[in-house]
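Analysis of the macromolecular model
These are the residues of each chain, in order.
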Number of protein chains: 4
Amino acid sequence: MTDGSAQRLVQRYQSVRERTEQLAAPLSDEDQQVQSMPACSPTKWHRAHTTWFFETFLLAPRGVPAFDPRFGSIFNSYYNTLGTPFARAARGLLTRPTAREIGAYRRSVDGRMIEALLSLSPPELAEVLPLVELGLAHEEQHQELLLTDILHAFAQNPLAPVYRSLAARADTRPDGATPSSARQALEFHRYDGGLVECGGRGECFAFDNEQPRHRVYLEPFALASRLVTWAELSAFVTEQGYRTPSLWLADGWDFVRSEGLCAPLYSRLEGGEWRVFSLRGERTPSPDEPVAHLSYYEADAVARFLGARLPSESEWEHVAARASVEGHFLEAGELHPLPAPRSSGPSPAQLFGDVWEWTASAYQPYPGYRPGVGALGEYNGKFMSGQQVLRGGSCFTPAGHVSASYRNFWQPGTRFQMAGARLARDARL
Amino acid sequence: MTDGSAQRLVQRYQSVRERTEQLAAPLSDEDQQVQSMPACSPTKWHRAHTTWFFETFLLAPRGVPAFDPRFGSIFNSYYNTLGTPFARAARGLLTRPTAREIGAYRRSVDGRMIEALLSLSPPELAEVLPLVELGLAHEEQHQELLLTDILHAFAQNPLAPVYRSLAARADTRPDGATPSSARQALEFHRYDGGLVECGGRGECFAFDNEQPRHRVYLEPFALASRLVTWAELSAFVTEQGYRTPSLWLADGWDFVRSEGLCAPLYSRLEGGEWRVFSLRGERTPSPDEPVAHLSYYEADAVARFLGARLPSESEWEHVAARASVEGHFLEAGELHPLPAPRSSGPSPAQLFGDVWEWTASAYQPYPGYRPGVGALGEYNGKFMSGQQVLRGGSCFTPAGHVSASYRNFWQPGTRFQMAGARLARDARL
Amino acid sequence: MTDGSAQRLVQRYQSVRERTEQLAAPLSDEDQQVQSMPACSPTKWHRAHTTWFFETFLLAPRGVPAFDPRFGSIFNSYYNTLGTPFARAARGLLTRPTAREIGAYRRSVDGRMIEALLSLSPPELAEVLPLVELGLAHEEQHQELLLTDILHAFAQNPLAPVYRSLAARADTRPDGATPSSARQALEFHRYDGGLVECGGRGECFAFDNEQPRHRVYLEPFALASRLVTWAELSAFVTEQGYRTPSLWLADGWDFVRSEGLCAPLYSRLEGGEWRVFSLRGERTPSPDEPVAHLSYYEADAVARFLGARLPSESEWEHVAARASVEGHFLEAGELHPLPAPRSSGPSPAQLFGDVWEWTASAYQPYPGYRPGVGALGEYNGKFMSGQQVLRGGSCFTPAGHVSASYRNFWQPGTRFQMAGARLARDARL
Amino acid sequence: MTDGSAQRLVQRYQSVRERTEQLAAPLSDEDQQVQSMPACSPTKWHRAHTTWFFETFLLAPRGVPAFDPRFGSIFNSYYNTLGTPFARAARGLLTRPTAREIGAYRRSVDGRMIEALLSLSPPELAEVLPLVELGLAHEEQHQELLLTDILHAFAQNPLAPVYRSLAARADTRPDGATPSSARQALEFHRYDGGLVECGGRGECFAFDNEQPRHRVYLEPFALASRLVTWAELSAFVTEQGYRTPSLWLADGWDFVRSEGLCAPLYSRLEGGEWRVFSLRGERTPSPDEPVAHLSYYEADAVARFLGARLPSESEWEHVAARASVEGHFLEAGELHPLPAPRSSGPSPAQLFGDVWEWTASAYQPYPGYRPGVGALGEYNGKFMSGQQVLRGGSCFTPAGHVSASYRNFWQPGTRFQMAGARLARDARL
């Protein structure tokens, strides 16, 4: 969106908005209603909230009346500046408006948005462009959440509903992630570090939490050539990793014991074989497939078990910034991670896509960080405590959504995200 | 069902089963999906569980194969004898089977049931009759629960969905409950007591918990001529009843404080006027209307505030056994209680219908009680601790479902039921 | 205390008060400080609260100034009429006043009490007598609680402190409970029932909850000749009683699973032998010894396992009223239950003492019950919900404290009391 | 301890150990028993655990038999490598061993320790020196905790016990913290930042979490000339800071609402005047006195309210490394913070002592961090998640215990520590 022409912006707007509806299409009205835990939201709520975002931040300031004024509270996620949001844990209780009514809400707002965008002068368009881009990036985030949340809901059902059957052909083959028949050996790429720069370059859209670009001093380090696999997770389980306190952070050990953990979320050992519930139904992962649905605590413990550690977010970004943003994303249609290609080439493989990579870095503001103004100042800044940074995107992430400077973040006990691990090591001379 | 003819039994079966579907008809697929708290169940689950009951206890023993063997667990409510039931609190997570599929399940089981009933010889029919009657009484219980539960779900929604609009004409006028324009004064009917008999007479269907008929000694007592009204509840609130510990049982006082109670469930004072959320939307009750959605603790405290007490279940039954089972039931279509008629006549008014009446009696087995055999032994007996008995039925109860010996029971903190209070007093000479 | 002479009253006062101090004597200041769960109180709190009772209800109305006005709140247990009591769960945080200071508090109040009693005219004495008797009965209740609570506290300590060593000779041999070397066979005594009278006879002190005396109709029943023993509990455990849902009330089954119960409190199987922690240290009970530290749920389940049920409180009282109040009480100094004598005689054995007997009766007011006036009205009445009645006293109960009409009560999940079970059966002709 | 002579080491050992006993001396046996919340420990447990540390890590490896082998579990804090530690929340239930017995335990271990130290050859002494230093630093940490924990316990008691009366003369006047009568204006000292070094220099004892020394890049920043005061906190409260969501991190806002916070812990407004409970009893702080008992969330919100932010730990250390380690420590005997001197001089005032300073930095390992070997590897490393770093020590900290590189850490919701805030700002050119 560099030229700023209204037509191209409308085209991109329509494309992003349409994908949300496509992702919801296989789901029944009942599927779209369910909220399987407070951290998840119903599908139809995702569809409505993303619409509310455009209505609230783009249309309302231009005097466009609300589609339904009562939606202001129930589809506000967490913007206290705009009034008290409806209780997050109760989103699944909102049987009205129905999924059908939310479809009408979306179409109405889309019509108003397109009308507005096409009527703006170039200077006006330039002014609203950052907000439209934010709204679209926001909707892409909720596209990943929609899939993540329905996976969690389906996993609670003994009937094991399938979002897309394994027989179904994926629409697109992922370019950079063609699985190989041979296992890629784990190697480490070495980096000198030194005084490096991190953060958004200002060339394209970036969230406020990626900014400002700033300097970081890195000691020499090494980064694994691929993600941690099921073969490695199996060794961790077999050697009693989930029962060995010395491998765990204290909080993690409390977590493992209070939750009774013995495997990644959605997975179980059945007769020596791993079975993993996915949006494609239950399946057995290849030993070379990246392991997913780990908490930070598990990622950290597995890294320690393997004689390594997790990378800091600066280390990861320093490496990723040199790589092209290619990988196994949502468009591939696989909906579960895929093994790394046989040889990784000059850069580590799988930096982008497949699974988000937990980093050793707490989510904190960069030096000189300034949150947005008004309600949008609540978008990222207020979450900068108690969370860990994840990098790189996943097979649930729309292509083009992530970059080397993109920062995702979750509480360390989060397991329902498409998140795994990559190893790092000190490389002191 | 005294003659036992198959045709009449089938007719009654169809009539009860059809009413469940009629009650669900105004609800969208999403409405039928929601479970607003663990004690409530989704509409579609009620529809499926009542079907499972016939399938499990009538069809399966006759070798009829299950509609879907996987339903055995998820629609089992609490019969441990039949295997581990699906977690009650997670019923709302079962987006599959859909409401439509449950409709098919109902039609299939109905077909098999009717086929079976019509094919039985008279002796066989006589043998299964108690089970069919139990299944139908069970379904009638779930009809009341279906309405009770969707009221709770709708009450959580700021959009305040309406099940049946106030404008809608009720299908039937309740006979014995014609509201009068003048308030019925509170009077007390006096009874000598003595050695009386309580429990089912064995003349018609009765649950095991109503049996055996047994003797109870009653001291002289008096029973109020009508139910406790909003006028009386208002006085309780105005005179700080919810803030006066001496009016409350210790458990009740803890309950009031921990929950922050200041009014019956679904009600609030707005500018000096009571507003009550109901299946007809939010409305202002007449001062003469029976108050509903009280916990046992509140009913007990209000009675103490009014210088009275709640009746024991034996006292209530002793009086009700002499009255005809008439009142304001589900068929009236009002879906909220109605004021008592102006004069009560020889018996207290409103003994049946309007609201369930909390009694002072803990739910315990009668002397000589024997639970049913097999899984059906779990129907009532195992709940005989920690609950209070309620009597008389409500405006959510199908006519014909209750009798003078019918025992309903709920935990003392339960507020979402259509339950209120009637006063009693000692009448020592 | 029938003659009402001041001297004899003072003597009894001193005797009861002194026993509290004797029971506390083996405990260090630290032992007296600890509160091992909210339902327990520190020893020194028991010592102070019983003193506060006399100060508040006897001395204060006579104008005697408080020993320390700040004690009014912290040693008020649950009398809301007297102001907001200090939080029950935080009693163990009150390191001040010290145990030594509480000793001084006791001595001061005792001096004032004796002075007051000796100065009263006979009519005045007759007037205060019921309050003094209540205060002494109250203190006797806390003597049992003191032992019950310190047993719970000691049981939390891996060092397993001993209150009185097994080597120590008991002060007194219990008269009616001489253990025999041979096991008493379980027999049932049959009773015709009919219209009987229950409740205090008004001949001696009785709590308000024992009154008024009233008529109850009993069907024919049978009562076991002795208490349930470790031999019977062992069979229950061996035959998977704790894992068999059909033996349990629904609440009980939830309780067993959520708490992971597999044996009575304080007991465990070690190499096929039962080990029970007691105030005499850990010991192996005789198979004929009554089992203790059962919840109501366990008592009910064990009774069902043994093909019987628990008695109602009326059944129990009907039998006990014909027996003399003899048994194994606190004075024996054994501090754990003892086997029944070999032959039980015309009455069932162990009706009094050894262990409290859970009954099938919910704790509810008798017909015509009137609580005391003022703050003392809170003594019993407000607890009449959610609890079960226990009868007969235990080896922690002072002799003379209980009678055939005495009603103890606890929540059904309570396990830390010295409570066990006796079987009953219907005896229909 | 640079020369390593045994005599001087023994002298220091005795001095540190003796101070623990002096701090416990004003406390009764009951005071020493209490544990007012799971995060606190009883005084006598602190006394025993620090002794266990020397016994376990110094004496046991030399073959000295345990004073009591049962102490191994109950006085192990969190070293899973040494076996399962006794449940932290239950420390207050251990009435045995008594405080007196723990005194004997301390004396016994001290005797063995001194004997051992005096018998070592210089090389042996050099070998054990780091462990002895660690044990002494560990004991100093528990000296601060002992005071912190008893303050929390006393604060729960309506009788408001006083550890040291206000009348009591402090033993020593704090050198660098003489309070002035005039308020020190808030100023900011500006620093250029750049590539700086942080972490322990290896010249004296340092914990593993301070190491290794490493490079950090700092943007230009400014640091406040003194700590945040009660005057500033008052403005925050008056201007509804505790009710303004935009001032808070999301976790902090949840915390404020769920806990109902409206003032720092131990403080309340009474008639417009602040009253703060302290070890000297309840007192009114000077407006210039540093505010204490803030959570990280409150420190962060107050900083935002004041148009500033909290410093990172690197910024703080960069400044503190140039200052001398002087300030208001435990030895002054004041036991509450004191106002800053009138003029701060070239460095910011109060960098050391008074109150710990919450930093904006999550507690994470330094690049190249290596935890200790064996059980001591659990000392710091496993806590590196979910906590924030605090710097500088407090008026509860023994002088000499902290340095510019010392890292304290607590969960962000911790309020019972002697912790406050210092402001920082970006200083971009």
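The following paragraphs examine the structure supplied in this document. All values derive from a computational prediction rather than experimental measurement. Chains are numbered independently. Their residues run from 1 in the order of the written sequence. Working convention: letters from A go to chains and numbers from 1 go to ligands, in the order in which they are written. Only residues with pLDDT of at least 70 get local features here, since the model is predicted, and only at 80 or more are side-chain atom pairs given and counted; chain-wide, interface and lining totals rely on the full set of residues. For the side-chain quantities, the full set of heavy atoms in the structure was used; hydrogens and water were omitted.

**Re the overall build of chain A**
Of regular secondary structure, chain A possesses 10 helices and 14 strands. Taking 22 Å as the expected radius of gyration for a compact globule of 429 residues, we find that chain A reaches 22 Å, a close match to that expectation. With respect to the three principal axes, the spread of C-alpha positions in chain A is 60 × 55 × 40 Å. Residues count as neighbours in contact if any of their non-hydrogen atoms are within 4.5 Å of one another. The long-range share in chain A, meaning contacts at least 24 apart out of those at least 6 apart in sequence, stands at 80%. Total accessible area computed for chain A in this model is approximately 16,100 Å², and 52% of it derives from carbon and sulfur atoms. A gap of 1 Å separates the mean positions of the 42 positive and 49 negative side-chain charges of chain A. A run of DSSP states H or I qualifies as a helix once it reaches four residues; a run of E qualifies as a strand once it reaches two. Both are numbered from the N-terminal end. Computation of the radius of gyration draws on C-alpha atoms alone. For the globule rule, the value is 2.2 Å times the number of residues to the power 0.38. For the accessible areas, the method is Shrake-Rupley and the probe is 1.4 Å, while residue cover comes only from the protein chains on display. When charges are counted, Lys and Arg contribute as positive and Asp and Glu as negative, whereas His and the chain ends are disregarded. For this purpose, a charge sits on NZ of Lys, CZ of Arg, CG of Asp or CD of Glu.

**Looking at the arrangement of the chains**
The two units chain A and chain C never meet; even their closest C-alpha atoms stay 14 Å apart. One finds no contact between chain B and chain D; the C-alpha atoms of the two approach each other to within 14 Å at their closest.

**Details of the interface of chain A and chain B**
Facing 29 residues of chain A, the contacting portion of chain B comprises 29 residues. Two parts placed together each lose some accessible area under a 1.4 Å probe, and adding up what both lose gives the buried area. Where chain A abuts chain B, roughly 2,400 Å² becomes buried across the two surfaces, and 61% of that area is made up of carbon and sulfur atoms. It is Glu30(A), Arg96(A) and Leu159(A) in chain A that bury the most area against chain B; as a group they hold 32% of the surface buried on that side. Each reported salt bridge corresponds to a side-chain nitrogen of Lys or Arg within 4 Å of a carboxyl oxygen of Asp or Glu. Linking chain A to chain B there are four salt bridges. In this structure, Glu30(A) and Lys44(B) form a salt bridge, with 3.7 Å as the shortest nitrogen-oxygen distance.

**Overview of the relation of the copies chain A and chain B**
In this comparison the copies share one frame, found by least squares on the C-alpha atoms of residues holding pLDDT of at least 70 in both. Of the transformation superimposing chain A on chain B, the axial component is 0.0 Å and the angular component is 180°, with the fit at an RMSD of 0.0 Å. When the rotation and shift are considered jointly, the pair of chain copies conforms to a two-fold rotation axis. Relative to the rotation axis, the C-alpha of Glu30(A) is the closest in chain A, positioned 2.6 Å from it. The overlap is high: 100% of the interface residues of chain A also sit at the interface in chain B, so the same surface is used on both sides.

**Regarding the interface of chain D and chain C**
How big an interface is tends to be expressed through the accessible area that disappears when the partners come together. In this complex, chain D contributes 29 residues to the contact, which on the side of chain C involves 29 residues. When chain D packs against chain C, the two sides together hide about 2,400 Å² of surface, and 61% of this comes from carbon and sulfur. Of all residues in chain D, the largest losses of buried area upon contact with chain C belong to Glu30(D), Arg96(D) and Leu159(D), amounting jointly to 32% of the total for that side. For the pair chain D and chain C, the number of links is four salt bridges. Here Asp31(D) ties to Arg96(C) by a salt bridge, and the two come within 2.6 Å at their closest N and O atoms. Secondary-structure elements contributing two or more residues to the side of chain D that touches chain C are helix 2 (29-33), helix 4 (71-74) and helix 6 (122-155) of chain D. Element by element, the count of residues in the side of chain D that touches chain C is highest for helix 2 of chain D, at four residues. When the residues that make up the side of chain D that touches chain C are grouped by side-chain class, the tally is 14 nonpolar, nine polar and six charged. Throughout this entry, Asp, Glu, Lys and Arg are counted as charged residues, while Ala, Val, Leu, Ile, Met, Phe, Trp, Tyr, Cys and Pro are counted as nonpolar. The remaining residues, Gly among them, count as polar.

**Concerning the relation of the copies chain D and chain C**
The operation relating chain D to chain C is a screw motion whose rotation component is 180°, with 0.0 Å of axial translation and a residual RMSD of 0.0 Å. Most of the interface of chain D is mirrored in chain C, where 100% of its interface residues are also at the interface.

**Remarks on the pairing of strand 3 (residues 214-218) of chain D**
All names here are of chain D. Each residue's exposure class comes from its accessible area (1.4 Å probe, protein chains only) as a fraction of the maximum for that residue type: buried when under 20%, exposed when over 50%, partly exposed otherwise. Here strand 3 lies mainly inside the structure; four of its five residues are buried. By the convention used here, strands pair only if DSSP detects at least 2 bridges between them. In this sheet, strand 3 lies alongside strand 2 (residues 194-198) in antiparallel orientation, the contact comprising five bridges. Bridged to Glu197 within strand 3 is Arg215.

**Notes on the pattern of salt bridges**
Opposite charge on two side chains permits them to pair, given that their charged atoms come into close proximity. Taken as a whole and assessed by the stated rule, the structure comprises 124 salt bridges over all chains. Of the charged contacts in the structure, one is a salt bridge between Glu317(C) and Arg391(C), with a shortest N-O distance of 2.9 Å. Of the two residues, Glu317(C) sits in helix 9 (residues 313-320) while Arg391(C) sits in strand 11 (residues 388-391), which places them 74 residues apart along the sequence. The same class applies to Glu317(C) as to Arg391(C), namely buried. Among the ionic pairs, Arg19(D) bridges to Glu140(D), the shortest N-O distance being 3.6 Å. Of this pair, Arg19(D) sits in helix 1 (residues 6-24) while Glu140(D) is found in helix 6, placing the two residues 121 residues apart along the sequence. For Glu140(D), a relative accessible area of 4% translates into the label buried.

**With respect to the side chain of Thr98(B)**
Along the chain, the position of Thr98(B) falls in the loop between helix 3 (71-74) and helix 4 (99-119). Thr98(B) has contacts with Ser28(A), Glu30(A) and Lys44(B), leaving out every residue within four places of it along the chain.

**Focus on the sheet that holds strand 11 of chain C**
Residue and element names in this part refer to chain C. Spatial strand order, 12-11-10-13: four strands in an open sheet with mixed pairing. Strand pairing shows two members of the sheet lacking a second neighbour, strand 12 (408-410) and strand 13 (419-420), which therefore form its edges. Judged from the three bridges that link them, strand 10 (residues 356-362) and strand 11 form a sheet pairing that is antiparallel. Within the sheet, the bridge partner assigned to Glu357 lies in strand 11 and is Arg391.

Purely geometric numbers; function is a separate question.
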